[in-house]
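Next come the chains, spelled out residue by residue.
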Amino acid sequence: MPAVTVDNLLALPRLARLPGGGRVRPVAGVVTARVSLEGEGFQVRRPFPGPELAIADPFLLLDHIGAVEYAPGEAKGAPWHPHRGFETVTYMIDGALEHHDSTGGGGYIADGATQWMTAGAGILHDEVPPAWLVQKGGLFHGVQLWVNLPAALKWTPPRYQDIGAKAVTLLAAFDGGALVRLIAGELDGHRGPGVTHTPIAYAHATIYAGSRLELAWPRHFNALVYALAGRGRAGEERRPFGEGQLVAFGNGDGVVIEAEPVQDSRAPALEVLLLGGQPIREPVVFHGPFVMNTRQEIFQAIRDYHAGRMGQIPPTRFDFSRLHGDRGPAIDHETGPDEEKAGGA
Ligand code: MN
């Protein structure tokens, strides 16, 4: 996994052990991700939203793509679509994703890099594997997290943060048994590079077989841990969980996660995303690529999208061969928000 790794964990700043007397957060629940098809038909595992959307607040959705070894011609993306009212955060562990947007911007996210896109008032974009990956095939492993914006920030202008793999803050567990890549926010007094609109912490941790990660966690944050690979145990009750499962924690001062001493050879360590944030606690109306506070605002978003008020697809982006290799165009300019489903790339 080319997400950032280091040769000498013990040279990194250490996360403090949890102090005695602090309350370790109990496990409130373990959720197995549902599998669905997105975009042009790529498979994602989605641990949330689920029936209990509120446990994720301020997060809205998590899509885990791969790890998958694409055959030539198999890699698929999400053609042009709008977003309004929240942020999409794309972290690529293996492989690459290109994007282009209605402001004329674009970028390339690969091998441990994160793109933090604030859709805010509205933007159109596409998210597609680069032509080389479509043609040759290859390993693809990434996640997209949707972060809600409070009412006061839903109309903020769109913005990007490109967080390179080398920019993440690297931290080690107290005994060097885990590597934490802090992408955004603050953990135990250490800051990640990502700037967030509301208080959030977002990190990827590799916990080596048989090791234990202890993390002080802000009391006013929710706490979620999602397993990208491997098997582990959560909390002092040592609740088992593994790849494709989300652990939601209850209240307390810190989070404890252990990697099982024996892991699969395919995934020799427990790989987890750590997610925490201050709940926004506002009504959420979630409709396809729009997340607002009221139904009226959703209707307005659909009207604004169809009227072109979220931007236009830049004409310079009609280079189908570059975007889609030999598969031909897959862009439908009339495609609107899916009326039925919540979510989407
Ligand atoms: Mn998108």
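Preceding block: the structure.
To keep things clear, this report deals only with the structure shown in the data block. Throughout this document, residue positions are counted from 1 along each chain, in the order its sequence is written. In keeping with the predicted nature of the model, local features appear solely for residues at pLDDT of at least 70, side-chain atom pairs appear and are counted solely at 80 or more, and the whole-chain, interface and lining totals rest on all residues. The side-chain numbers reported here are obtained from all heavy atoms of the structure, hydrogens and water having been left aside.

## A look at the overall build of the protein chain
Okay, so step 1: Only runs of H or I of at least four residues qualify as helices and only runs of E of at least two qualify as strands under DSSP, and these elements are numbered from the N terminus. Counting its secondary structure elements, the protein chain contains three helices and 26 strands.
Okay, so step 2: Projected onto the principal axes, the alpha-carbon positions of the protein chain cover approximately 60 × 45 × 30 Å.
Okay, so step 3: The method behind every accessible area is Shrake-Rupley, applied with a 1.4 Å probe, and residues are considered shielded solely by the protein chains displayed. Surface summary for the protein chain: the accessible area is close to 13,800 Å², and the carbon and sulfur share equals 53%.
Okay, so step 4: Positive charges are assigned to Lys and Arg, negative charges to Asp and Glu, while His and the chain termini are left out of the count. In plain terms, the charge of a residue is placed at NZ if it is Lys, CZ if Arg, CG if Asp and CD if Glu. Side-chain charges in the protein chain split into 30 positive and 38 negative, and the spacing between the mean points of these groups amounts to 4 Å.

## Here we look at the nonpolar core
Okay, so step 1: Grouped together as the largest cluster of nonpolar side chains are 33 residues, with contacts concentrated most on F59, L145, Y202 and L273.
Okay, so step 2: A contact between two residues is defined here by any heavy atoms of the two lying within 4.5 Å. Every residue in contact with L273, bar those within four places of it in the chain, is listed here: L62, Y91, V143, Y202, A203, H204, L224, V225, Y226 and L228.
Okay, so step 3: Buried Ala, Val, Leu, Ile, Met, Phe, Trp, Tyr and Cys residues form a nonpolar core when they are joined through side-chain atoms within 4.5 Å. Think of it in three bands: with a 1.4 Å probe and only protein chains considered, a residue is buried below 20% of the maximum accessible area for its type, exposed above 50%, and partly exposed in between. L171, V180, L187 and L274 belong to the second-largest nonpolar core, a separate cluster that totals 29 residues.

## Details of the pattern of salt bridges
Okay, so step 1: Put simply, a salt bridge is a Lys or Arg side-chain nitrogen that is within 4 Å of an Asp or Glu carboxyl oxygen. This model, assessed by the stated rule, comprises 15 salt bridges.
Okay, so step 2: Salt-bridge contacts for E214 lead to R212; the nearest nitrogen and oxygen are separated by 2.9 Å. For the pair formed by E214 and R212, the shared burial category is buried.
Okay, so step 3: R212 is paired through a salt bridge with E258; the nearest N and O atoms lie 3.2 Å apart. Residue R212 is found in strand β18 (residues 212-216), and its partner E258 is found in strand β23 (residues 254-259); the two are separated by 46 residues along the sequence.
Okay, so step 4: Classification of E258 as buried rests on a relative accessible area of 14%.
Okay, so step 5: Taken together, the shared-partner salt bridges in this structure form one network comprising R17, R212, E214, E236, R238 and E258.

## Considering helix α2 (residues 295-306)
Okay, so step 1: Expected span of a helix, by definition, is 1.5 Å for each gap between consecutive residues, and there is one gap fewer than residues. Its twelve residues place the ends of α2 17 Å apart at the C-alpha level, agreeing with the 16 Å of an ideal helix rising 1.5 Å per residue.
Okay, so step 2: Those residues of α2 lying buried are E297, I298, A301, I302, D304 and Y305. In an axial view of α2, the angular spread of the buried residues amounts to 165 degrees, which keeps them on one side of the axis. Residues of α2 that are exposed and point more than 90 degrees away from the buried face comprise R295, Q296, R303 and H306.
Okay, so step 3: Looking at the packing, one finds that the buried side of α2 touches β5 (78-83), β10 (123-128), β25 (285-287) and β26 (290-292).
Okay, so step 4: At the C-terminal side of α2, G308 shows a positive phi close to 80 degrees. An arc is given here, and it is the one of the directions from the helix axis to the C-beta atoms.

## So, the packing of aromatic side chains
Okay, so step 1: What counts as a ring pair is set by centres within 6.5 Å for rings of Phe, Tyr and Trp (its six-membered ring), and what kind of pair is set by the plane angle: stacked under 30 degrees, edge-to-face over 60, tilted for all other angles. Per the stated rule, a full pass over the model turns up four aromatic pairs.
Okay, so step 2: Taken together, the ring pairs in this structure connect F86, W146 and F286 into an aromatic cluster.

## Regarding the sheet that holds strand β7 (residues 96-101)
Okay, so step 1: Ordered in space as β5-β10-β7-β8, the four strands form an open sheet in which the pairing is antiparallel. Looking along the sheet, the strands with just one partner apiece sit at the ends: β5 and β8 (106-110). On average, each strand axis in the sheet is tilted by 25 degrees relative to the strand beside it, whichever way the strands run.
Okay, so step 2: By the convention used here, strands pair only if DSSP detects at least 2 bridges between them. Where β7 and β10 come together, four bridges link them in antiparallel fashion. Residue pairing across strands places E98 opposite V128, the latter belonging to β10. In this analysis an axis means a line fitted to C-alpha atoms, helices contributing only their contacting stretch, and an angle means the value between N-to-C directions, from 0 to 180 degrees.

## Remarks on the pairing of β10
Okay, so step 1: In terms of burial, β10 is a largely internal element, six of the six residues being buried.
Okay, so step 2: The two faces of β10 match: I123, H125 and E127 on one face and L124, D126 and V128 on the other face are all buried.
Okay, so step 3: Relative to β10, β5 runs antiparallel, the two sharing four bridges. Bridge pairing in β10 places H81 opposite H125.

## So, the sheet that holds strand β9 (residues 114-118)
Okay, so step 1: In spatial order, the strands read β2-β3-β4-β11-β6-β9-β12; together these seven strands make up an open sheet with antiparallel pairing. Single-partner strands in this sheet number two, and they are β2 (34-38) and β12 (159-163). Taken pair by pair, the neighbouring strands of this sheet meet at an average axis angle of 20 degrees, ignoring direction.
Okay, so step 2: Judged from the five bridges that link them, strand β6 (residues 86-94) and β9 form a sheet pairing that is antiparallel. Note that in β9 the partner of Y91 across the bridge is T114.

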